[in-house]
Amino acid sequence: MKAVGVLALIISLSIVTESKVYTRCKLAKIFVKAGLDHYGGFSLGNWICMAYYESHYNTTVQNTLGDGSIDYGIFQINSFTWCRNANVQQNNRCHVACSALITDDLTDAILCAKKIVKETQGMNYWQGWKKHCEGKDMSEWKRGCEVS
Ligand SMILES: *[C@@H]1O[C@H](CO)[C@@H](O)[C@H](O)[C@H]1NC(C)=O
């Protein structure tokens, strides 16, 4: 019985970690720690807003586009230019496997997002950000979170 219980726990834990959806404030803290606040001149709220409209904070989201490329993870980073997957010959400008962009650990996704901001001069890469966040008051996005 005990072994069955442990097994059930392991299985449910592995299901939980398969698709990770961060809360807004947890994400805010991770973003601050990773130096995203004001990175490229974009306040923390811009990053949280962007992640919300790109993925609803769900790290495992993948979307296949019309050209066959795939957008990966919390920032919906595209395989055609930025990461490497099995299907196509890509530029892989972030020098990362696309699969590393859909894990709970956001390190690689954040590094790649920083590179995108640097190399494309801003956050225009993200349609969700352009449409819903750009030029708006972003302070609400970190409200209630224990970040300065
Ligand atoms: C997160 O995204 C994955 C992949 O699209 C999906 O299967 C899962 O249901 C999503 N999780 C939530 C809580 O929306």
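Scroll up to find the structure this text is about.
Conventions we followed
Residues numbered from 1 in each chain as written. Predicted model: local features only at pLDDT ≥ 70, side-chain atom pairs only at ≥ 80, totals over all residues. Heavy atoms only, no water. Helix = DSSP H or I, 4+ residues; strand = E, 2+ residues; numbered from the N terminus. Buried < 20%, exposed > 50% of the residue type's maximum accessible area, 1.4 Å probe, protein only. Contact = heavy atoms within 4.5 Å. Areas by Shrake-Rupley, 256 points an atom, 1.4 Å probe, with all protein chains shown as cover. Polar contact = N/O pair within 3.5 Å; in protein donor to acceptor, adjacent residues only side chain to side chain. Near = heavy atom within 4 Å. Axes fitted to C-alpha atoms, helices over the stretch in contact; angles between N-to-C directions. Parallel < 35°, antiparallel > 145°, perpendicular 65-115°, else oblique. Left-handed = near helix turned anticlockwise from the far one by under 90°. Pairing = 2+ DSSP bridges.

(A) Inspection of the overall build of the protein chain at higher detail. Per the secondary structure count, the protein chain includes five helices and three strands. For the protein chain, the sequential pattern of α-helices and β-strands runs α-α-α-β-β-β-α-α. Residue burial in the protein chain is summarised as follows: out of 148 residues, 41% are buried. Intrachain contacts of the protein chain at a sequence separation of at least 6 include 56% that bridge at least 24 residues. Put simply, the protein chain shows about 8,400 Å² of open surface, and 55% of that area lies on carbon and sulfur atoms.

(B) Broad picture of the environment of Lys 136. On the secondary structure map, Lys 136 appears in the segment after helix H5 (127–132). Once the C-alpha coordinates of Lys 136 and Asn 46 are considered, the two residues, 90 residues apart in sequence, prove to be 9.0 Å apart. Within polar-contact distance, the side chain of Lys 136 engages the backbone oxygen of His 132 at 3.3 Å.

(C) Quick look at the site of the ligand. Around the ligand sit Ser 19, Val 21, Asn 58, Thr 60 and Val 61, and that is every residue in its neighbourhood. Note that an oxygen atom of the ligand is positioned 2.3 Å from one of the side-chain N or O atoms of Asn 58. Thr 60 is positioned with one of its side-chain polar atoms (N or O) 3.4 Å from an oxygen atom of the ligand. In the complex, 37% of the free accessible area of the ligand, which totals 360 Å², lies under the protein chains.

(D) Focus on the packing of helix H2 (residues 24–33) against helix H3 (residues 44–55). Between H2 and H3, whose axes approach to 10 Å, the crossing angle comes to 130 degrees. As far as their axial angle goes, H3 and H2 are oblique. Between H2 and H3 the crossing geometry is right-handed. Where H2 approaches H3, its residues Arg 24, Leu 27, Ala 28, Phe 31 and Val 32 are matched on the opposing element by Leu 44, Trp 47, Ile 48 and Ala 51.

(E) Highlighting the sheet that holds strand S1 (residues 62–64). In space, the three strands of this open sheet follow the order S1-S2-S3, with antiparallel pairing throughout. Lying at the two open borders of the sheet, with one neighbouring strand each, are S1 and strand S3 (77–78). As paired elements, strand S2 (residues 70–72) and S3 share two bridges and run antiparallel to each other. Among the inter-strand pairings, Asp 71 is bridged to a residue of S3, identified as Asn 78.

Nothing here speaks to function; it is all geometry.
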